[in-house]
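Given next are the chains, with one letter for each unit.
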Amino acid sequence: MLHFVYSIINFLILAAILVLFGRKAVLAIFRGRRERIGRALDEAEEAQRTTAELPVIPEAFSDVVPEAAVQEAGAIRESARQTAEALRKSTEETVRGLRREMLADERARLIDKIVARAAELTASEPYRSAIRAKEETFADEIIRRMEITPGDVAYLRHHDQLYVTLTSAHPLPQSIVDRIGARAEEMLEEIGGKPSYWVKEDPELIGGLRFRVGDTVYDFTVADRLYQLRRDLEKRELRGDEDADAVIRDLYEGIASMDAGISEFQLGRVLSVSDGICWMDGLADIMYGEVVEFECGERGMVLDIEADRIGCVIYGRYERVESGTKVRRVGRIASVPVGEDLLGRVVDPLGHALDGRGRIFERERRPIECPAPSIPDRAAVSRPLHTGIRAIDALVPIGKGQRELIIGDRQTGKSSIAIDAIINQRGTGTVCIYVAIGQKDSTVMEIRDRLTKVGAMDYTTIVCAPASSSASFQYIAPFAGAAMAEYFMYKGQDALIVYDDLSKHAVAYRELSLLLGRPSGREAYPGDVFYLHARLLERAAQLSPENGGGSVTALPIIETQAGDISAYIPTNVISLTDGQIFLESDLFTEGQRPAVNVGLSVSRVGSAAQTRLMKQVSARLRMDLAQYRELAGFTQFGSDVDAATRKVLASGRRMMAALRQRRFDPLPDWKQVLLIFAVSEGLSEGVGEEDMEDWGRALAERLEAKHPEECALLLAGGKLTPEETDALRDALKDCLADPAGETEAA
Ligand code: ATP
Ligand code: MG
């Protein structure tokens, strides 16, 4: 086991530096910002105090003050209390976020100092000599580890020489140079190649040796150790409630536990960069989807591997990457941070915060591309995922683990349906991920504000790759979202993921593919665009109980042009999902919102998750609607229809009206059943189309107050016997006969 003297020396020195610099710096920032934090807390307290001081109307006045006023005062008080509580919570959160941000900044500066100081010390005596004395040992280790990779063998097939380079900070004794050279020659001879051996000096390495065979680098230098040290220290967790001492102690631990091993990695070269795409050579053993790091610190992901070059997309600012510079293989597949910390946040596809609420400190990562669960690991869809929208829960029900496409022209209420579904998950324990691809920033912010307002942001993450971001960001966004959702699925929880929308995703992928020089196919999309969406949507699943029973439900959205669902991307996604909700512009403009086309929308598996009661009432609704549509088609042009037909038409129109629903106002399952039942039974005669929704809500409230046993029947969700049907009908008639329920109160 090779033991590095200097890593121990480093530890001792660095520990001393930490105490010297760290304490002072961190304490200083606390003093400066304490005031700001204090102010925010005061505000929250003030708000709570004001609420406490709100007058309570004494009982004795109840004769004088009308009861409604007493109730109203109570409601105001309650809402003020809630607001104050929310304010306090959010202030606390913000303070913690701020603190964490400050600590992280300060720690980063501290790490800079540590690394700079360590570099200075190791370059001077006595450490310099101590490290130089180890050069022989390093050489032994290089000789022991040196090997020929498959990439080198492939290279030698087309070239007769392989480049071998030995670099050191100081001139090396000839014996070391010769020993290493001889071993390299011997090794290459075995496979019929010859080395082209170079010996270089580079003072920036500070100390130690770096040896390179082909693409592979064996790094024994101080410079590399410091690079690793910095990366390890920056990755350490920060919660935000630590004090200065704890931060320093943690850095200590980081240095103490630093592994003294050597780095072995592959190095390549940038050939050209343009439009966010980079071509490289070298890196012979690299894999599809792997992460590479450029000299400037930017990162990219490999998307194309050709015989003599590798294509990758650059995540960040590609202007900073120059041709001819080095690129290093990081040794992992592209991944994103996942976990509970992301809930309530708006992030970019790499998991960086976009909402100005402070950095997100990752605890766990998942690869963005991950094989979908296999068939034996899955279970059939059996649990409902209520959207709270009548037209969907009754006619195209969605089950957990299902993939249901929302498809329609622009501005037909596609996003609204998905947002409603997210809002309706409140209190169900289902986590939601909303992936916005190619949308305007303002639209995404509106959605965030709406979700925050109704308290849905607590369990939701928004992954945002706006229209202004690069095609590579838009391309990986849904995969990143899927990884975040999978985290919860494999933990046994339920997740809902919305891809808004995959048409724009396909366009982004087309852009990337054309830039990578792949041939274009139908509608100029690359041939593998089907596979792209297939491997994304296959990741939605209901896991079997042995695998934890978690689920991911996917709601992809597709925008059509002039209702053309037979275009390339729509047909692809239709065939990849378990059904579609088809929204129609004509219905939308007629005022039938949500504009679900009941005839063309289907759900292939979701009905297995409906309650028997919902199945019973929706089966009848579906038949009645079909009859209505047929008649409505016939009678469109003639006004002369007999009384019986007129009656069917009128009742059909009422049913359509019963499927209208406001946005952001989801309805519990039993209330949906109640309204559909009442309309099917013809109880809604005389109710205007516009008033149907409020009528239904009022009816439900009255039933709850006056006939709790019938209400319980609806809540139980079992199939109704003929007697129960009669009882429910009578109860509803009773509620309607006595609208305000005033008789009993009086
Ligand atoms: P885009 O193609 O721009 O993404 P979209 O199909 O996602 O649009 P939404 O943004 O959901 O459509 O809705 C468009 C508009 O339709 C909204 O501004 C909203 O006012 C209206 N709308 C949607 N659903 C309803 C509804 N149920 N009731 C009333 N209005 C609605
Ligand atoms: Mg939309």
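Let me sum up the structure you'll find in this document. (Residues numbered from 1 in each chain as written. Chains lettered and ligands numbered in written order. Predicted model: local features only at pLDDT ≥ 70, side-chain atom pairs only at ≥ 80, totals over all residues. Heavy atoms only, no water.)

Helices and strands together make up the secondary structure of the protein chain, namely 23 helices and 21 strands. Counting only C-alpha atoms, the protein chain reaches 110 × 70 × 45 Å along its principal axes. Among the 746 residues that make up the protein chain, the fraction classed as buried is 50%. Sequence separation of at least 24 residues holds for 76% of the intrachain contacts in the protein chain that already meet a minimum separation of 6. Computing the positive centroid from 93 side-chain charges and the negative centroid from 117, the protein chain places the two 2 Å apart. (Helix = DSSP H or I, 4+ residues; strand = E, 2+ residues; numbered from the N terminus. Buried < 20%, exposed > 50% of the residue type's maximum accessible area, 1.4 Å probe, protein only. Contact = heavy atoms within 4.5 Å. Lys, Arg positive; Asp, Glu negative; His and termini not counted. Charge placed at Lys NZ, Arg CZ, Asp CG, Glu CD.)

This brings us to helix 18 (residues 643–658). End to end, helix 18 covers 23 Å across 16 residues, agreeing with the expected 22 Å (1.5 Å per residue, within 8%). All of the buried residues along helix 18 are Thr645, Leu649, Gly652, Arg654, Met655, Met656, Ala657 and Ala658. Buried positions along helix 18 lie against helix 9 (390–395), helix 17 (612–634), helix 19 (669–680) and helix 20 (692–706). In this structure Asp642 caps helix 18, since a side-chain oxygen of it lies 3.1 Å from the backbone nitrogen of Ala644. (Expected span 1.5 Å × (residues − 1). Polar contact = N/O pair within 3.5 Å; in protein donor to acceptor, adjacent residues only side chain to side chain.)

Within the structure shown, the criterion is met by six aromatic pairs. Look at Phe211 and Tyr218: their rings are 6.4 Å apart centre to centre, the planes differ by 25°, and that puts the pair in the stacked class. Three or more aromatic residues link up through ring pairs in this structure, and these residues are Tyr475, Phe479 and Tyr509. Taking the ring centre of Trp279 as reference, the NZ or CZ of Arg309 above it sits at 3.6 Å. Stacked on the ring of Phe265, the Lys or Arg Arg328 has its end atom at 3.6 Å from the ring centre. (Phe/Tyr/Trp six-rings, centres within 6.5 Å; stacked < 30°, edge-to-face > 60°. Lys NZ or Arg CZ within 6 Å of the ring centre and 35° of its normal.)

Right, let's get into empty space enclosed by the protein. Taken as a whole, this structure holds four cavities of 30 Å³ or more when the rule is applied. For the largest cavity, the calculated volume is near 90 Å³. Along the walls of the largest cavity sit Pro384, Leu385, His386, Asp393, Pro397, Ile398, Gly606, Ala609, Gln610, Thr611, Met614 and Asp669, which together make up its complete lining. Of the volumes computed, that of the second largest cavity is approximately 50 Å³. As for the second largest cavity, its lining consists of Ala482, Glu486, Ile497, Tyr499, Leu536, Leu537, Arg539, Ala540, Val552 and Ala554. (1 Å grid on protein atoms, 1.4 Å probe; cavity = no way out; pocket = protein on both sides within 12 Å on 5 of 7 lines; lining within 4 Å. Points joined across faces, edges and corners; volume = space filled by probe spheres on them.)

Let's shift gears to the site of ligand 1. Around ligand 1, the surrounding shell holds 14 residues, and the nearest of these are Gln411, Lys414, Ser415, Ser416 and Gln661. At 3.1 Å, a backbone N or O of Thr412 approaches an oxygen atom of ligand 1. The contact in question runs from an oxygen atom of ligand 1 to an N or O atom on the side chain of Lys414, over 2.8 Å. Coverage of ligand 1 by the protein amounts to 72% of the 630 Å² it exposes when considered alone. Looking at which element gives the most residues to the shell around ligand 1, the answer is helix 10 (residues 414–423), with three residues. For the shell around ligand 1, the class distribution of residues is two nonpolar, six polar and six charged. (Near = heavy atom within 4 Å. Areas by Shrake-Rupley, 256 points an atom, 1.4 Å probe, with all protein chains shown as cover. Nonpolar A, V, L, I, M, F, W, Y, C, P; charged D, E, K, R; others polar.)

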